[in-house]
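Spelled out, the chains give:
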Amino acid sequence: MQKSGKEEIVLKGINASAGICIGKAYLVDRSGVDVITRYAIAEKRINAEVKRFKSAVQYAKSALRAIIENSSREVQKAVILETQMALLNDKMLYGRTIETIETERVNAEWALKSVVGRIKAAFQEMPDAYMRERVADITHVSDLVMRHLTGVEAPDIARIDKRVILVAHDLSPADTSQINLERVKGFITNLGGKTSHTGIIAQTLEIPAVVGLETATQTIHNDDVIIVDGTDGVVVVHPTEKTLLEYEERQTRFERYKAVITRESHLKTETTDRRHFDVLANIEFPEEVVSAINYGAAGIGLYRTEFQYLGRTVFPSENELFENYRDVVEVMAPRPVIFRTLDINGDKAIHSDLSHDEQNPALGLRAIRYCLKRPDVFKTQLRAILRAAAFGNVRLMFPLISAYFEIQLAKRFLDDAAASLAADGLPYKRDIPVGIMIEVPAAVVMADVLAKEVDFFSIGTNDLIQYGLAIDRGNKQVAHMYQPLDPAVIRMIKHTADVARANRIPVHMCGEMAGRPLHAPLLLGLGLDELSMNPQAIPLVKRMIRSISLAESKKMVKKALSLRTAREVFEVLRDSFGELVANHRRDMQA
Ligand code: PEP
Ligand code: MG
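Residues numbered from 1 in each chain as written. Chains lettered and ligands numbered in written order. Predicted model: local features only at pLDDT ≥ 70, side-chain atom pairs only at ≥ 80, totals over all residues. Heavy atoms only, no water.

## Topic: helix α18 (residues 461–469)
Along an α-helix, a turn takes 3.6 residues, which lines up residues three or four apart on a common side.
Part 1 of the argument: Where burial is concerned, most of α18 is hidden: eight out of the nine residues are buried.
Part 2 of the argument: Of all the residues in α18, the buried ones are Thr461, Asn462, Asp463, Leu464, Ile465, Gln466, Tyr467 and Leu469. (Buried < 20%, exposed > 50% of the residue type's maximum accessible area, 1.4 Å probe, protein only. Helix = DSSP H or I, 4+ residues; strand = E, 2+ residues; numbered from the N terminus.)

As structure tokens, this is what we get:
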């Protein structure tokens, strides 16, 4: 029980932005645009009503433009510009509202409300979570237009004059752009998902946020004391003394961790004997570039582009892909972005399209094999990548290459895509490094032949272990045998790295194996040039690299290569570097 006599309540939501804050709740009132009545418009007034709607859209556009111009936050600018401006120009919203005013002879507010209702319903039906969450963007732009039509004022977050935590049904990027970091410690919302823009912006602002709480605005009142744990997606209302103490301690630990990360993310990743290594980030969605940058990634080493296709009945269009890709490339520039072309099927099955059943999907029509069979899909993506390449530092790689002819064919598709862009008069860049993933034993064995065809290798250990050791990466029964340190895996990596060096091409690793600090000395010693991993893993791996020398890593590798089991290799690593890893972990997360 809290001092005030109120029961402690714990709400669970979605962790949108890491960190902990404790403070008083401030409810953001967004009522006013929801209660809309329908009234008929006389025929001679229809044109005036359409004009009224058009001027409200103009108002919304200039409001958005003002936000963009006044914002110094690059990602936020891109987010608002790309999505919401586009919606205001979209036929779906703009054209249909005018059509409804004209054909149903109703007021603009009602026409807009009914069109938005239909669009939202269609989006909510979409199997793709990212698309479903775009409903929030539709709400935000239609709210802006509606406010002008109805004359209802927007909530004035900029005027808040005390240190608070915002509690809202939803917050638009326009709302969050007004957040004054001196005043707002964090925010929580009823709506929103992991990839909603509100969460992304919270990450950019680096304030804790929990979204998708559903009933926060009903449960919490103005001035209630609340704790927001954006790391675990938890909100505590009326915390007890004991809970407060516990979270204050966690807050201190988190702040310390963040300070270390921020300080270290700018440091060079150099071994003690001065060899530089780039550490990059793996991402699945464009929004993740924010954490990639925050965690100090030197670029995107693996962009798993298939996530934009999964769960959709209709694949994304070239323009949709291009716009997403350009966002990522522009935000990361001049840092490199490695686009891995579509790797669907296998464990990332698409529900449509495969009319026949596959008995053994991991060995089936997956990744490059699928793309070579679906030139329409492949070329659409390649065109989008080449177009995005004109905006920054782009590299491209093909997944699951198991034969020479696949590279030949894939590169021919790339040339065709470039030629068709030239014919269409669209800007693009063909002169980009083209690599392949090494994730099938055949590719390891044929590495010397394949190396002549490409600009780099990237070892995908997740699959290389699966195919090399014949262990289904998703099967619990054999999970104990899924060992990155298995000598067979280490020898495959070594062979690939040796061949790459002999052919003067760089070799990267982007499988999960690269993200373990204890593996860093082994991988450096084996000759890898770049490591790519999930963004959160970057700080510890970077610190590890800074603490070891390439010379001692190479010495250790010699020993490791003579061993017979994964256990023995692990023991050598643990004995030589285990203490270092433990100290780093303690230091950074204590
Ligand atoms: C891999 O196989 O190691 C890899 C990085 O690709 P994915 O995990 O997407 O198959
Ligand atoms: Mg793979």
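## Let's talk about the site of ligand 1
Part 1 of the argument: Taken together, 15 residues lie around ligand 1, and Arg304, Arg340, Gly460, Asn462 and Arg473 are the ones closest in.
Part 2 of the argument: Arginine 304 has a polar side-chain atom sitting 2.7 Å from an oxygen atom of ligand 1.
Part 3 of the argument: In the complex, 99% of the free accessible area of ligand 1, which totals 290 Å², lies under the protein chains.
Part 4 of the argument: Looking at the shell around ligand 1, the elements that each hand over two or more residues are β10 (300–304) and α18.
Part 5 of the argument: For the shell around ligand 1, the leading source of residues is α18, giving three residues.
Part 6 of the argument: A per-class count over the shell around ligand 1 returns three nonpolar, four polar and eight charged. (Near = heavy atom within 4 Å. Polar contact = N/O pair within 3.5 Å; in protein donor to acceptor, adjacent residues only side chain to side chain. Areas by Shrake-Rupley, 256 points an atom, 1.4 Å probe, with all protein chains shown as cover. Nonpolar A, V, L, I, M, F, W, Y, C, P; charged D, E, K, R; others polar.)

## Here's the deal with the coordination of the magnesium ion (ligand 2)
Part 1 of the argument: Those protein atoms acting as donors to the magnesium ion (ligand 2) are Glu439 (OE) and Asp463 (OD), and they sit at 2.0 to 2.2 Å. Highlighted residues: glutamate 439 in the loop between β13 (434–438) and α16 (441–445) and aspartate 463 in helix α18, separated in sequence by 24 residues.
Part 2 of the argument: A relative accessible area of 2% places glutamate 439 in the buried class.
Part 3 of the argument: According to the relative accessible area criterion, aspartate 463 is buried, its value standing at 2%. (Donors = N, O, S within 2.8 Å, 3.2 Å for Na, K, Ca; no water.)

## Some remarks on the sheet that holds strand β12 (residues 393–398)
Part 1 of the argument: Spatially, β9-β10-β11-β12-β13-β14-β15-β16 is the arrangement adopted by the eight strands of the closed barrel, whose pairing is parallel. Mean inter-strand twist for the sheet, computed between neighbouring axes without regard to direction, equals 30°.
Part 2 of the argument: Strand direction decides the pairing type here: strand β11 (residues 336–340) and β12, joined by five bridges, are parallel. Across the sheet, the residue bridging to proline 336 is asparagine 393, located in β12. (Pairing = 2+ DSSP bridges. Axes fitted to C-alpha atoms, helices over the stretch in contact; angles between N-to-C directions.)

## A few points about the sheet that holds strand β1 (residues 9–12)
Think of a sheet as strands paired side by side through backbone hydrogen bonds, with each pair either parallel or antiparallel.
Part 1 of the argument: Overall, mixed pairing links the eight strands, which are arranged β1-β8-β7-β3-β4-β5-β6-β2 in an open sheet. Two strands bound the open sheet, and with one partner strand each, they are β1 and β2 (14–17). The average angle at which neighbouring strand axes cross in this sheet is 30°, direction not considered.
Part 2 of the argument: Both β1 and strand β8 (residues 234–237) contribute to a ladder of four bridges, which runs antiparallel. Bridging from a neighbouring strand, valine 10 pairs with valine 236 of β8.
Part 3 of the argument: On top of the sheet, helix α10 (residues 241–265) reaches β3 (20–27), β7 (225–229) and β8; it is set at about 115° to β3, its chief contact. (Contact = heavy atoms within 4.5 Å.)

## Here's the deal with helix α22 (residues 550–560)
Part 1 of the argument: The complete set of buried residues in α22 reads Leu550, Ser553, Met556, Val557 and Ala560. Buried positions in α22, seen along its axis, are confined to an arc of 120° and lie on one side of it. Along α22, the residues that are exposed and aim more than 90 degrees away from the buried face are Lys555, Lys558 and Lys559. (Arc of directions from axis to C-beta.)

## Observations regarding the pattern of salt bridges
Part 1 of the argument: A complete count under the given rule lists 29 salt bridges for this structure.
Part 2 of the argument: Across the pair glutamate 109 and arginine 52 runs a salt bridge whose closest N-O atoms are separated by 2.8 Å. Residue glutamate 109 is located in helix α4 (residues 108–124), and its partner arginine 52 is located in helix α1 (residues 46–70); the two are separated by 57 residues in the primary sequence.
Part 3 of the argument: In this structure glutamate 109 comes out as buried when scored by relative accessible area, which is 8%.
Part 4 of the argument: Given a relative accessible area of 26%, arginine 52 falls into the partly exposed group.
Part 5 of the argument: Between arginine 501 and aspartate 498 there is a salt bridge, with its nearest N and O atoms 4.0 Å apart. Highlighted residues: arginine 501 and aspartate 498, both in helix α19 (residues 487–502), separated by three residues, approximately one helical turn.
Part 6 of the argument: On the basis of relative accessible area, arginine 501 is assigned to the partly exposed category, the value being 49%.
Part 7 of the argument: Residue aspartate 498 is classed as partly exposed on the basis of its relative accessible area, which comes to 30%. (Salt bridge = Lys/Arg side-chain N within 4 Å of Asp/Glu carboxyl O.)

## What about unusual backbone geometry?
Part 1 of the argument: In the segment running from alanine 333 into proline 334, the intervening peptide bond is cis, with an omega of 5°.
Part 2 of the argument: Within the secondary structure, proline 334 is located in the loop between α12 (318–332) and β11.
Part 3 of the argument: Notably, arginine 105 is not glycine yet its phi reads approximately 50°, a positive angle.
Part 4 of the argument: Residue position: arginine 105 is located in the loop between α3 (91–104) and α4.
Part 5 of the argument: Its identity as a non-glycine residue notwithstanding, arginine 274 has a phi of 70°, on the positive side.
Part 6 of the argument: Looking at the element boundaries, arginine 274 is found in the loop between α10 and β9 (278–283).
Part 7 of the argument: For arginine 274, a relative accessible area of 68% corresponds to the exposed category.

## Description of the packing of α4 against helix α6 (residues 135–150)
Part 1 of the argument: For the pair α4 and α6, the least separation of the axes is 10 Å and the interaxial angle reads 175°. Overall, the two elements α4 and α6 adopt an arrangement that is roughly antiparallel. Each of Ala108, Glu109, Leu112, Lys113, Val116, Ile119, Lys120, Phe123 and Gln124 in α4 lies in contact with α6, whose residues at this interface are Val135, Ile138, Thr139, Ser142, Val145, Met146, Leu149 and Thr150.
Part 2 of the argument: Class assignment for the residues of the contact of α4 with α6 results in 10 nonpolar, four polar and three charged. (Parallel < 35°, antiparallel > 145°, perpendicular 65-115°, else oblique.)

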